[in-house]
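Chains, contacts and geometry: an overview
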Amino acid sequence: MVTLNDIAVRLGISKSTVSKGLSNASDVSEELRKKIIETAAEMGYSGRRTQKRLCILVENMGYKEPNQFGYELISGFVQRAKLEGWTVDVVPLDKERQKDMTYSDFMTQGGYQGAFLLGFSLLDPWMEEFKTAQIPTVLYDNYIKENPFIASVGCDNDGGLKAAVKHLYGLGHRRIGLLSGPLDSYIVKERYNAYLGALEECGLPVDEDLIGLGYFVAESTRQNLPKLIEKGATAILCADDSRAVAAYTECHDRSLRIPGDVSIVGFDDLPIAAYMNPALTTVRQDRPALGKCGYYALQCLLSGMDIHSIVLRAPLVVRGSTGPAAVRPEKSAEEASHGGGK
């Protein structure tokens with residue numbers, strides 16, 4: 001067990017100063033207090049009886065039910081961690097809680113030696129702290145450069161999206177739309193840029209009228225899907241399977257056949273994807289494997305190994321929701337000229 005004296009020796013200060021720093025005493029400067037907290041976390045100090053403690057911090061991600069994205073991700077991590085004697089706490093988080101205390105304070109007060117973070121966006125208050133934090137931390141689908149205490153795990157989003165676009169292109173689609181969330185997270189930006197890059201590789205122009213972004217899945221899909229269809233989209237890429245489910249609903253409400261009138265592609269391969277009617281073509285993320293990789297990366301950091309990131313392949317799973325591009329009747333010359341003659 002790491003003791004207060006061990007921390008004091010590392011920092012070259014007294015044991016009592018270490019104790020005061022960990023207790024937020026007013027006679028210890030903020031700079032020294034932060035250094036004490038970070039050193040305590042780095043060394044694995046815990047004021048609790050349980051020595052080996054890790055946490056999974058979850059924001060903006062469902063994880064309690066088997067059909068939710070985070071469920072298998074967390075299960076994969078916990079399974080490996082428990083085999084090596086770790087206690088793992090799963091803690092839901094929001095931005096307000098991040099404003100109330102620093103990441104270092106949270107980790108020290110919980111007695112955690114490392115963390116796996118899921119669902120964080122670029123707007124989260126702790127994202128700035130991660131640039132300098134000295135606590136072993138693994139981020140899912142987020143990247144912090146040049147901090148040896150931070151590692152990342154994720155899938156090949158670029159390869160997965162490009163495979164999806166090329167699949168649609170091979171089916172004759174030339175008007176391929178995108179439904180996505182707003183560009184305020186690393187992963188959404190990465191998938192958005194992959195979509196643009198794939199269009200370029202296929203020789204297709206980027207048309208802003210074929211891109212629909214929005215925060216709320218059902219509402220933004222309801223608003224954007226009709227616009228994309230009106231602008232001639234014969235296929236729609238959804239940045240996640242939840243949007244694909246919403247797209248199915250909107251197509252059904254508008255008597256649009258999938259894939260007869262419009263092809264739909266998702267991303268994630270949630271359990272529901274194979275049981276949709278028709279079954280959803282989607283990019284697969286191996287969530288149990290990603291969770292296990294999250295633990296492996298954290299184990300490397302805790303052992304002093306300078307690991308940067310682990311990226312898994314993201315294969316395209318082709319099912320019934322994609323088919324040949326619909327042939328839509330073009331306007332006649334008379335219609336185009338509003339009925340004018342030669």
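Residues numbered from 1 in each chain as written. Predicted model: local features only at pLDDT ≥ 70, side-chain atom pairs only at ≥ 80, totals over all residues. Heavy atoms only, no water.

1. Remarks on the overall build of the chain
In terms of helices and strands, the chain carries 13 helices and 12 strands. For the chain, the C-alpha atoms occupy an extent of roughly 95 × 40 × 35 Å along the three principal directions. Here the chain, with 342 residues, has 51% of them falling under the buried criterion. As displayed, the chain offers around 16,500 Å² of accessible surface, 50% of which is attributable to carbon and sulfur atoms. A gap of 3 Å separates the mean positions of the 38 positive and 43 negative side-chain charges of the chain. (Helix = DSSP H or I, 4+ residues; strand = E, 2+ residues; numbered from the N terminus. Buried < 20%, exposed > 50% of the residue type's maximum accessible area, 1.4 Å probe, protein only. Areas by Shrake-Rupley, 256 points an atom, 1.4 Å probe, with all protein chains shown as cover. Lys, Arg positive; Asp, Glu negative; His and termini not counted. Charge placed at Lys NZ, Arg CZ, Asp CG, Glu CD.)

2. Describing the sheet that holds strand β8 (residues 235-238)
Where strands meet in a sheet, backbone hydrogen bonds hold them as pairs that are either parallel or antiparallel. Spatially, 6 strands are ordered β7-β6-β8-β9-β10-β12 in an open sheet, and the strand pairing comes out mixed. With partners counted over all chains shown, the strands left at the sheet margins are β7 (211-213) and β12 (316-317), one partner each. The sheet contact formed by strand β9 (residues 263-268) and strand β10 (residues 281-284) spans 4 bridges and is parallel. Paired with G266 across the two strands is T282, which belongs to β10. The strands touched by helix α9 (residues 186-201) within the sheet are β6 (176-180), β7, β8 and β9, with β6 carrying the most contacts at an inclination of about 175°. (Pairing = 2+ DSSP bridges. Contact = heavy atoms within 4.5 Å. Axes fitted to C-alpha atoms, helices over the stretch in contact; angles between N-to-C directions.)

3. Description of the pairing of β6
Of all 5 residues that make up β6, 5 are buried, and the element is covered over most of its length. Of the two faces of β6, the one carrying I176, L178 and S180 and the one carrying G177 and L179 are both buried. Both β6 and β8 contribute to a ladder of 4 bridges, which runs parallel. Residue I176 lies in a different strand from β8, and its bridge partner there is A235. With 3 bridges connecting them, β6 and β7 associate as parallel partners. Looking across to β7, one finds that L179 is bridged to G212. Following the chain from β6 across α9 to the adjacent parallel β7, one finds a crossover that is right-handed. (Right-handed = clockwise from strand over helix to strand, strands pointing away.)

4. Considering α9
The first and last C-alpha atoms of α9 sit 22 Å apart over 16 residues, in line with the 22 Å expected at 1.5 Å per residue. Here α9 has its buried residues at I187, V188, R191, Y192, A194, Y195, G197, A198 and L199. Positive backbone phi, at 75°, marks G203, one or two positions downstream of α9. (Expected span 1.5 Å × (residues − 1).)

5. Quick look at the packing of helix α4 (residues 69-83) against helix α12 (residues 287-302)
In contact at an axis separation of 7 Å, α4 and α12 are set at 45° when each is read in the N-to-C sense. In terms of axis orientation, α4 runs oblique to α12. As α4 packs across α12, the resulting crossing turns out to be right-handed. Packed against α4, whose contacting residues are F69, E72, L73, G76, F77, Q79, R80 and A81, the element α12 presents R287, P288, L290, G291, K292, G294, Y295 and L298 at the interface. (Parallel < 35°, antiparallel > 145°, perpendicular 65-115°, else oblique. Left-handed = near helix turned anticlockwise from the far one by under 90°.)

6. A look at the nonpolar core
Core analysis: the biggest nonpolar cluster contains 39 residues, and V165, Y195, I236, L237 and I264 have the highest contact counts within it. Secondary structure elements with two or more residues in this core: α8 (157-170), β6, α9, α10 (217-230), β8, α11 (241-253) and β9. For this core, the element with the highest residue contribution is α9, accounting for 5 residues. Residues in contact with I236, not counting those within four places in the same chain, are G177, L179, L225, L228, I229, V262, S263, I264 and V265. Within the second largest apolar cluster, 29 residues are counted, among which are L54, A81, A297 and C300. (Core = buried A, V, L, I, M, F, W, Y, C linked by side-chain atoms within 4.5 Å.)

7. Brief notes about the side chain of S220
Looking at where S220 falls in the secondary structure, it is placed in helix α10. At a separation of 2.7 Å, a polar atom in the side chain of S220 contacts the main-chain carbonyl oxygen of F216. (Polar contact = N/O pair within 3.5 Å; in protein donor to acceptor, adjacent residues only side chain to side chain.)

8. A look at the pairing of strand β3 (residues 114-118)
By the criterion of burial, β3 is predominantly enclosed, with 5 of the 5 residues buried. Of the strand pairs in this sheet, strand β1 (residues 53-58) and β3 are connected by 5 bridges, and their pairing is parallel. By the bridge assignment for β3, L57 is matched with L117. Bridge analysis of β3 against strand β4 (residues 137-140) gives 3 bridges, and the strand direction is parallel. Residue pairing across strands places A115 opposite T137, the latter belonging to β4.

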